[in-house]
Amino acid sequence: MSDTSVCLSDGVELMAEVAGSGAPLLLLPGWSQSAAEFRHNIAALAQGRTVIALDQRGHGRSDKPAGGYRIQRLARDLHEVIGTLGLERPDVLGHSMGVSVIWSYLSMFGAERPLGRLVMVDQAPCVLAQPGWDDAARADAGCLFPDMDALSGFEAAVVASPTAAGTKELLRGMFTASVPEVDLDWIAAQNIALPRAHAAHLLHDHCVLDWRSQIAMVDNPTLVVGGEASIFPATSQRWIAARIPGAEVEIFGAAEGGSHFMFWENPARFNARVGAFLG
């Protein structure tokens, strides 16, 4: 495994971990997460392909600029990374917010610089519920926050938790109870690499977006992965797969590490399923 970096048009340098050789597979971590959190997946997925695990702007080891913490800007960053590295129709795996970056990329650059196969790991079509939605509509959309007050409260908690210890408690509900405390400690330390004010700003932009119409336009070969014990209802992952022609869906049970981070809690099954899909 080696490191590479890409300097973006605004001078921001993004870091990535690279392993293997062959057709490219980009890995996009979720909100406030780092490429290092794919450490149980990179080597397995790099069998027969080049895996590029990217620290998005502000995250992990990448630069922490004063601005640009919006999904649209992260999608543009991805466009520049693909162009700079000369990748042709790369396959892309996104986790959580990383999937939103894929959807934004497709809306802006999909025709100009197409992507290959997609792996969408546990992202809601619409994180924030809209007024008047009933329980069924919220489940289909995967809503985590019932209203703006709930989202604002979580944003405030993010800013008020600048340490790994505080952030660990915010993350705890995204894992099953079986995850070791030492794992949560390490992941929380990865999270606070993104300055908390930037994290809250990006979280807000991410959560208020509604991707349902964009999802219906996806025509790439797609695997959707969810978990029965995730913060996002498995219903929402099946909803996504049902709207993408030929899409496959894989739902991890609660006893199988089926949390929001199933790739961490059950990497053997996750790696095998993704590897089978990518071929």
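Residues numbered from 1 in each chain as written. Predicted model: local features only at pLDDT ≥ 70, side-chain atom pairs only at ≥ 80, totals over all residues. Heavy atoms only, no water.

Just checking my understanding: could you explain the overall build of the protein chain for this structure?
What the protein chain contains, in helices and strands, is twelve helices and eight strands. Relative to a compact globule of 279 residues, whose C-alpha radius of gyration would be 19 Å, the protein chain shows 17 Å and is just as compact. Sorting the 279 residues of the protein chain into buried and exposed places 57% on the buried side. Considering only residue pairs separated by 6 or more positions, the protein chain has 73% of its internal contacts joining residues 24 or more positions apart. Carbon and sulfur atoms make up 54% of the accessible area of the protein chain, which amounts to about 10500 Å² in all. (Helix = DSSP H or I, 4+ residues; strand = E, 2+ residues; numbered from the N terminus. Rg over C-alpha atoms; globule rule 2.2 N^0.38 Å. Buried < 20%, exposed > 50% of the residue type's maximum accessible area, 1.4 Å probe, protein only. Contact = heavy atoms within 4.5 Å. Areas by Shrake-Rupley, 256 points an atom, 1.4 Å probe, with all protein chains shown as cover.)

Got a minute to help me understand the side chain of Ser104 in this structure?
With respect to the secondary-structure elements, Ser104 resides in helix H3 (residues 97-109). By relative accessible area, which is 4% here, Ser104 ends up buried. Setting aside anything within four residues of it in sequence, one finds Ser104 in contact with Ile71, Gln72, Ala75 and Trp211.

Where do I start with the packing of helix H2 (residues 71-85) against H3 in this structure?
In a packed pair of helices, the relevant descriptors are the angle between the two axes and the axis-to-axis distance. Running from N to C, H2 and H3 cross one another at 75°; their axes reach a closest spacing of 8 Å. Overall, the two elements H2 and H3 adopt an arrangement that is roughly perpendicular. On the side of H2, the interface is formed by Ile71, Gln72, Leu74, Ala75, Arg76, Leu78, His79 and Ile82, while H3 contributes Met97, Ser100, Val101, Ser104, Tyr105, Met108 and Phe109. Here the contact of H2 with H3 is built from residues that sort into ten nonpolar, four polar and one charged. (Axes fitted to C-alpha atoms, helices over the stretch in contact; angles between N-to-C directions. Parallel < 35°, antiparallel > 145°, perpendicular 65-115°, else oblique. Nonpolar A, V, L, I, M, F, W, Y, C, P; charged D, E, K, R; others polar.)

Just to check I follow, could you spell out the confidence of the model for the protein chain for this structure?
Confidence in the prediction of the protein chain, expressed as mean pLDDT, is 97, and 100% of residues score 70 or more. Within the protein chain, no element has a lower average pLDDT than helix H4 (residues 135-141), which sits at 95, and none a higher one than strand E6 (residues 118-121), at 99. (pLDDT = per-residue confidence, 0-100.)

Help me out: how do you make sense of the pattern of salt bridges in this one?
Any two side chains of opposite charge can pair, on the condition that their charged atoms come close. Scanning the entire structure with this criterion turns up 18 salt bridges. With a closest N to O distance of 3.4 Å, Glu80 and Arg73 form a salt bridge. A relative accessible area of 15% places Glu80 in the buried class. Between Glu169 and Arg172 there is a salt bridge, and its shortest N-O distance comes to 3.0 Å. For Arg172, a relative accessible area of 31% puts it in the partly exposed group. (Salt bridge = Lys/Arg side-chain N within 4 Å of Asp/Glu carboxyl O.)

How should the nonpolar core be read in this particular structure?
Within soluble globular proteins, side chains that are nonpolar tend to cluster in buried spots. Ranked by size, the top nonpolar core spans 52 residues in total, and within it Trp31, Trp103, Tyr105, Leu115, Leu118, Met120 and Ile240 carry the most contacts. Ranked by residues supplied to this core, first place goes to H3 with eight residues. Residues Leu25, Ala35, Ile42 and Val121 belong to the second largest nonpolar core, which totals 31 residues. (Core = buried A, V, L, I, M, F, W, Y, C linked by side-chain atoms within 4.5 Å.)

Hey, could you run me through the packing of aromatic side chains in this one?
Think of a pair of aromatic rings as described by two things: how far the centres are apart, and how the planes are tilted against each other in angle. Under the counting rule described, the total for this entry stands at nine aromatic pairs. Measuring from centroid to centroid gives 5.5 Å for Tyr105 and Phe109, while their planes differ by 55°, and the two rings are tilted. Of this pair, Tyr105 and Phe109 both sit in helix H3, separated by four residues, roughly a single helical turn. For Tyr105, a relative accessible area of 0% puts it in the buried group. Its relative accessible area of 13% is what places Phe109 among the buried residues. The structure contains a cluster of three or more aromatic residues connected by ring pairs, namely Phe38, Phe175, Phe261, Phe263 and Phe270. The lysine or arginine in question, Arg39, covers the ring of Trp186, its NZ or CZ lying 4.1 Å from the ring centre. Against the face of Phe252 rests Arg269, its NZ or CZ located 4.1 Å from the ring centre. (Phe/Tyr/Trp six-rings, centres within 6.5 Å; stacked < 30°, edge-to-face > 60°. Lys NZ or Arg CZ within 6 Å of the ring centre and 35° of its normal.)

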